[in-house]
Amino acid sequence: MKNFFISLFILIIFSAFVFFFGWTQYRVKPGEFGVVISKTNGIDETPIQNGEFSWYWQFLLPTNAILKTFSVQPIFVTKQIKGTLPSGEFYASFNHKETFDYSFEFSMSLTVSEQNVITLLKENKITTQNDLSQYISNCADTIAQLAASFYLKKIQDNPNFRLESVKRDELLREIKFYEDCPLIELMNFSLVSSKVPDFELYDKLKFRFFENSIELNTEINSNLQNEEEQE
């Protein structure tokens, strides 16, 4: 009888040991989720939620498995795009009043779904939460650049174009940011401030420069021809 209780006690201890090492959700903090990565099974596709029971035998093998945790809370960022139109400083030197600089400031919030985080892990694009935050920030840069390019093109085509006339959904549809960032979810997006160049003046100065260049080249060629005739 004594041996029976000893054996039962050992069995209980062993079972508790096995259960504890395979028990995973207690390692995940509220507001986060976990992903099990093991040598035997690779990256598990089922995200582990805090408060939802989960148990993985992979943790019973020493050094076989790790649990990585991530947060998919929306990240709020402000991105600024600045620049000058091509040769803008040169053309501005003819005017001495107008510069051809532009700037746009955008505010946005972005996130990635739990399943898409797992996809990023499988594609070796991220390994940690810092990597995920950097990936989201890079996508925010891309979206801001696409939006700025869209606005500049519209203003160039139509001097009377007003930035506020473009609705958010229309803008996001036009810039097609999902082609560059297919796994990103854009929660909010807005234009905070902007400075746009005078494209009409820019084009006039650009035309004047090329016109003067043609006249100068014509004069140079004429002088060269006269010199050759005199020789």
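Note that this is a predicted model, so its numbers are computed, not measured.

Peer 1: How should I be thinking about the sheet that holds strand 7 (residues 185-195) in this particular structure?
Peer 2: Two modes of strand pairing occur in sheets, parallel and antiparallel, and in both the strands are linked by backbone hydrogen bonds. If you trace the three strands from one edge of the open sheet to the other, you get 5-6-7, paired in antiparallel fashion. Looking at strand neighbours, the two that pair on one side only are strand 5 (75-84) and strand 7, the edges of this open sheet. In this sheet, adjacent strand axes meet at a mean angle of 20° when their direction is disregarded. Relative to strand 7, strand 6 (residues 101-111) runs antiparallel, the two being bridged by nine bridges. Opposite S109, over in strand 7, you have N188 as the bridge partner. Along the sheet face, helix 4 (residues 129-157) touches strand 5, strand 6 and strand 7 and points at about 140° away from the line of strand 6.

Peer 1: Can you walk me through the packing of aromatic side chains in this structure?
Peer 2: Geometry of an aromatic ring pair is reported as the spacing of the ring centres plus the angle between the planes. The final tally for this structure, using the stated rule, is eight aromatic pairs. Geometrically, the ring pair formed by F33 and F70 is tilted, given 6.1 Å between the ring centres and 35° between the ring planes. Taken together, the residues span a long stretch of sequence, with F33 in strand 1 (residues 33-38) and F70 in strand 4 (residues 65-70) at a distance of 37 residues. Each residue in the set Y102, F104, F106, F150, Y151 and F189 is aromatic and connected to the rest through ring pairs, giving one cluster.

Scoring rules and cut-offs
Residues numbered from 1 in each chain as written. Predicted model: local features only at pLDDT ≥ 70, side-chain atom pairs only at ≥ 80, totals over all residues. Heavy atoms only, no water. Pairing = 2+ DSSP bridges. Helix = DSSP H or I, 4+ residues; strand = E, 2+ residues; numbered from the N terminus. Axes fitted to C-alpha atoms, helices over the stretch in contact; angles between N-to-C directions. Contact = heavy atoms within 4.5 Å. Phe/Tyr/Trp six-rings, centres within 6.5 Å; stacked < 30°, edge-to-face > 60°.

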